[in-house]
Amino acid sequence: MGKVILIMNNQISAVLQRSLLLLALCVFPVSSLLAQSSGASLPTLNVYTYSSFTSEWGPGPQLKEAFESHCNCRVNYISSDDGVSLLNRLRLEGANTRADLVLGLDDALIDEARQLRLVQPHGLALETLALKPVLNWQDQDFLPFDYGYFAFIYDAQRTPEPVVSMAALLASDARVIYQDPRTSTPGQGLLIWIKAVYGDQAAQAWRQMRPRTVTVTKGWSEAYTLFLEGEADYVLSYTTSPAYHLLVEEESRYQAALFSEGHPMQIEVAAISRYSQQADLARNFLQFLLSEEAQQIIPVTNWMLPVREGVELPEAFDQLIQPQAVGFSPQQIRQQRQTWIREWRSAVSQ
Amino acid sequence: MKPDRVLLWPVLLLLFGSSALALLALTGWQQPTDLHLWQDPWFWQVLRFTFWQALLSALFSVVLALPLARVLALDSGLPGKAAFLRWCLLCFVMPSLILITGLVVMFGHSGWLTPLLTRLFHSGWSLYGLTGILLAHVFLNLPLAVRVLSAQWSSIPSSAWKMAAQLQLTGFRRFLLLEWPALRGVLPALSGFIFLLCFNSFAVVLALGGGPGVSTLEVAIYQALKYQFNPSEALFLAGVQLLLAGGLFWLISRWGKLQWLAAPSGETGWQPSLPGVVRWLGRGYYLLVLLFLTLPTLSLAPAVISRGWARLPWSQLGLASGWSLIFALAASLLALLMALLLAWVAAEPARRGWSKLAELAALHHLVVPGMVLSVGLYIFFMAQINWLDWGWVAVIWLNALVALPFAFSQLKPAVFVYRSSYQKLAASLQLAPWLHWQRVILPSLQPALLRVTGLCLVLTLGDFAIFGIFGQAEHRTLPWLIHELAGAYRLGEAALASLWLLALAFTGLWLLEKKPGRCRAEWGR
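In this convention, every chain numbers its residues from 1, walking through the sequence in written order. To read the labels, note that chains go from A and ligands from 1, taken in the order they are written. It should be noted that, the model being predicted, local features are given only for residues of pLDDT at least 70 and side-chain atom pairs only at 80 or more, the latter also being counted only at that level, while totals for whole chains, interfaces and linings use all residues. Hydrogen atoms and water are omitted, and side-chain values are computed over all heavy atoms in the structure.

- An unreviewed UniProt entry lists chain B under the name Thiamine transport system permease protein, with Marinospirillum alkaliphilum DSM 21637 as the source organism.
- UniProt's Sequence similarities (unreviewed entry) comment on chain B is quoted here verbatim: "Belongs to the binding-protein-dependent transport system permease family." UniProt positions are given in the numbering used here, feature names are shortened, and annotations may be inferred rather than shown by experiment.

- Per an unreviewed UniProt entry, chain A goes by the name Thiamine transport system substrate-binding protein and belongs to Marinospirillum alkaliphilum DSM 21637.
- We quote the UniProt Subcellular location (unreviewed entry) comment for chain A here in full: "Periplasm".
- UniProt, in the comment section headed Sequence similarities (unreviewed entry), describes chain A in these words: "Belongs to the bacterial solute-binding protein 1 family."

1. Quick word on the interface of chain A and chain B
No. 1: Only heavy atoms matter for contacts: two residues are in contact if any of them lie within 4.5 Å across the pair. Taken together, the contact pairs 76 residues of chain A with 90 residues of chain B.
No. 2: Two parts lose some accessible area (1.4 Å probe) when they are put together, and adding that loss for both gives the buried area. Both sides together, the interface formed by chain A and chain B hides about 7900 Å², and carbon and sulfur atoms give 64% of it.
No. 3: One side-chain nitrogen of Lys or Arg within 4 Å of one carboxyl oxygen of Asp or Glu is enough to make a salt bridge. The tally of links between chain A and chain B comes to zero salt bridges.
No. 4: Under the rule applied, a polar contact is a pair of N or O atoms within 3.5 Å (in protein, one hydrogen donor and one hydrogen acceptor; residues adjacent in sequence only if both atoms are side-chain atoms). Counting across the chain A and chain B interface gives three residue pairs in polar contact (both at pLDDT 80 or more).
No. 5: Where helices and strands are cited, they refer to DSSP runs of H or I of at least four residues and of E of at least two residues respectively, numbered from the N terminus. Top element by residues in the side of chain A that touches chain B is helix α2 (residues 14-37) of chain A. It accounts for 14 residues.
No. 6: Any residue that is not Ala, Val, Leu, Ile, Met, Phe, Trp, Tyr, Cys, Pro, Asp, Glu, Lys or Arg is counted as polar, Gly included; the first ten are nonpolar and the last four charged. Here the residues of the side of chain A that touches chain B sort into 33 nonpolar, 26 polar and 17 charged.

2. So, the packing of helix α3 (residues 81-92) of chain B against helix α20 (residues 433-461) of chain B
All names here are of chain B.
No. 1: Following both chains from N to C, one finds α3 and α20 inclined at 35°, their axes separated by 9 Å at the closest point. The interaxial crossing formed by α3 with α20 has right-handed handedness. Of the residues in α20, those touching α3 at Leu89, Leu90 and Phe92 are Gly454, Leu455, Val458 and Leu459.
No. 2: Residues that form the contact of α3 with α20 fall into these classes: six nonpolar, one polar and no charged. Working convention: axes come from line fits to C-alpha atoms, limited for helices to the stretch in contact. Angles between N-to-C directions cover 0 to 180 degrees. Left-handed is the label given to a crossing in which the near helix is rotated counterclockwise from the far helix by less than a right angle, and right-handed is the label when the rotation is clockwise.

3. Points about the nonpolar core
No. 1: To form a nonpolar core, buried Ala, Val, Leu, Ile, Met, Phe, Trp, Tyr and Cys residues must be joined to one another through side-chain atoms within 4.5 Å. Three exposure classes are used, based on accessible area relative to the maximum for each residue type with a 1.4 Å probe and protein chains only: buried under 20%, partly exposed in between, and exposed over 50%. Of all hydrophobic cores here, the largest spans 270 residues; its most connected members are A:Phe285 and B:Leu293.
No. 2: At 20 residues, the largest contribution of residues to this core is made by helix α15 (residues 314-346) of chain B.
No. 3: Both domains that meet at this core, namely domain 1 (44-147 + 266-316) and domain 2 (148-265 + 321-349) of chain A, each give it at least three residues.
No. 4: If we skip the residues at most four places from it in the chain, A:Phe285 touches A:Leu45, A:Phe67, A:Val75, A:Tyr77, A:Leu101 and A:Leu103. Here the limits of each domain have been adopted from an automatic or database domain assignment.

4. Observations regarding the pattern of salt bridges
No. 1: Evaluation of the coordinates by the stated rule reveals 17 salt bridges over all chains.
No. 2: Between B:Glu359 and B:Lys412 there is a salt bridge, and its shortest N-O distance comes to 3.1 Å. Residue B:Glu359 is located in helix α16 (residues 352-363), and its partner B:Lys412 is located in helix α18 (residues 387-421); the two are separated by 53 residues in the primary sequence.
No. 3: Because the salt bridges share partners, they merge into one network encompassing A:Arg91, A:Glu112 and A:Arg337.

5. Quick notes on the domain arrangement of chain A
Residue and element names in this part refer to chain A.
No. 1: Under the domain assignment, chain A is made up of domain 1 (44-147 + 266-316) and domain 2 (148-265 + 321-349).
No. 2: Computed over C-alpha atoms only, the centres of domain 1 and domain 2 are separated by 26 Å.
No. 3: Taken together, the contact pairs 18 residues of domain 1 with 19 residues of domain 2.
No. 4: Ranking the residues of domain 1 by area buried against domain 2 places Asp111, Gln266 and Trp303 at the top, with a combined share of 39%.
No. 5: Along the contact surface separating domain 1 from domain 2 lie two salt bridges.
No. 6: Arg334 is the partner of Asp111 in a salt bridge, and the nearest nitrogen-oxygen pair spans 2.9 Å.

6. Quick look at unusual backbone geometry
Residue and element names in this part refer to chain A.
No. 1: A positive phi angle, close to 55°, is found at Ala130, a residue other than glycine.
No. 2: Considering the arrangement of structural elements, one finds Ala130 in the loop between β4 (119-120) and β5 (143-155).
No. 3: A relative accessible area of 33% places Ala130 in the partly exposed class.
No. 4: Residues other than glycine seldom take positive phi values, yet Trp303 does so here, at roughly 55°.
No. 5: One can find Trp303 in the loop between α13 (292-302) and β11 (305-306).
No. 6: Given a relative accessible area of 6%, Trp303 falls into the buried group.

The following block contains the structure:
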């Protein structure tokens, strides 16, 4: 036995040793980065938003740099994975929240956020902001910072003659991928779309959609990936998607189909937190968000449309389709969403 | 008081406390528990389907893994065995974006296997539906089953093989008398485990299911907690899941008994040589499974690399990898230490009550949905703790909790074997407790510990949900970066970053699983 122990001792348990070594190897480069992140004692503006806004390709970094250059402050982003998680985080935190500014809820969530008393009036005069008339914006708490229309995207090389209406899509033999309205905002957009176009006949329309459907995904990225892999003729996305392909990939084959019934709109909004310690700074950021400078950054990073009139954009944006808006008010959406989801669910799972 | 008991109390307190506080926090939130779902026929349909697909997935995964596990354990000349087993672990945590795209590239509408399959199945081939779900679940879980079962097979000591040879036991009789007892202990728990994993599966089921007709209970929980923020409904659903899945798991695990009392030899000793036909059949099967497990990823790689390479944010990727590794290693070590302690207590035959308690503490996190746990703890400590500064502690702790059941169930047989065969012998040496652990226990458990660390590491590297609640943008991890890339149209880059995550995990496993001899030469004394 003594010998056995000696042998074992020689190969002393390598688990801890090696794990610690791995840990040490990666702590080193990261800790050096940590050291530089502690800033000076400038006032900090905590902006709660969603992650694709703050990512390197999103508008976050550029907006931060531009705003910090003249605000004498520090902008600190705190990101959730999407707008819905953002609202939940605020709801959970209540009065304990550290948010000064809430950025990235959409119009379907406005009513809920207001009811929960999470925000305060923005105090800006709407008529001075040069907002696009199509938005018809009257809200005293929330301000829009970009918007877009939901649309079906197709590959012009494979589908040279796209459908021109929802009715034509449902009557066609095309293969469609869309997102689950229970877990994704574009999915919810389609729910609103079908309801706006078909009203009481919505269940019937969903039943027509069913044989067209390849699959329903949890989120936008799975659906879009499947589409790019050639699994479907149409995928639910935004009218602005072709602009990305044109500008970043110089690829013009992906186009949005213009539907004669109109398209539902999604408006992304920002507001000052009710519990903010920096309400003035937050108001300045809101004002900045609607400035010409910021409105030029947002479309080519967040791939949505500017809310301000007369913003100069790359040419790719001129080629986008210009749909009619259809839809419901935030109040109607909040009240009806559950009923609509149930209707969708039973119509497509039979 | 014994040293293991001193540690046991705080660990038990933390483990049960976390779950209790999380549930408490959610129970106290607004409305009372919502029961209307009982009356919804859709709920029953979902439940039926959840059960059915999980049962089929578990069955296929285990049955298909059995022959391969035997080949891996007994065919000593099999090429690429170590790398294959490592790859197996990666498949088990394959990011869903990669998995879904990979399967689609092979089996989808314009997949390159589809023409063949359409000819094979006269009714026409479609990936979407139960077929796709089963394919994906077998892809995810067969590798786990292979690893567990082949480890079990190779734990049969060479003395037993020799004895069987002397008694001229061959074929089925040898299987029944020698091999089956070694497997019987793990099969029920393994199947139960895979059943549970598939029961909780979500993104894959939605993407490949073809519609909401085929969704799982987890979708309902996700929806209740995330999109409607209705904690009471989420709690009700979590309760149903706890009751059904947990109950079934408990039932299945009870069938399994750890029968094999002889010590595993560690080094491969004498094993019977397989007859030629069996060996070549086995190798053919090995190749087939190898293709199934690697082709979806490999066929993705060229396109992904050509599309994503140039625009991949390398500096961000490096930083995110660093954070991912730190969180994953810390959580893995924590899970490993807790699992070791609990397995130690659970394997003590004299104290049945304690043993059951330890087992419950380790395994119950398998059926408490991670989302319920994270959100509950977040709410509970919100007023006291500034999560902006301390979120990383929760990221590590909750990841450790998620990995714990896996670590525990993998470690328990090894600890059990040690305690039943060496314990008394070692006690007679009268070593001091610390020396006893350092010199005897840890070295003898080393292979199992390395395996478990690898598993934990891979599991925690893939975490997305927990980081989504507690993490901060400046500590961005790899899965989070992939999420950001995918959300910004950079799907090629996202896929490439996913492959990078796999490569990272593969390297980590390779470092951990290097043969002790070589490791001694490099780092040891």
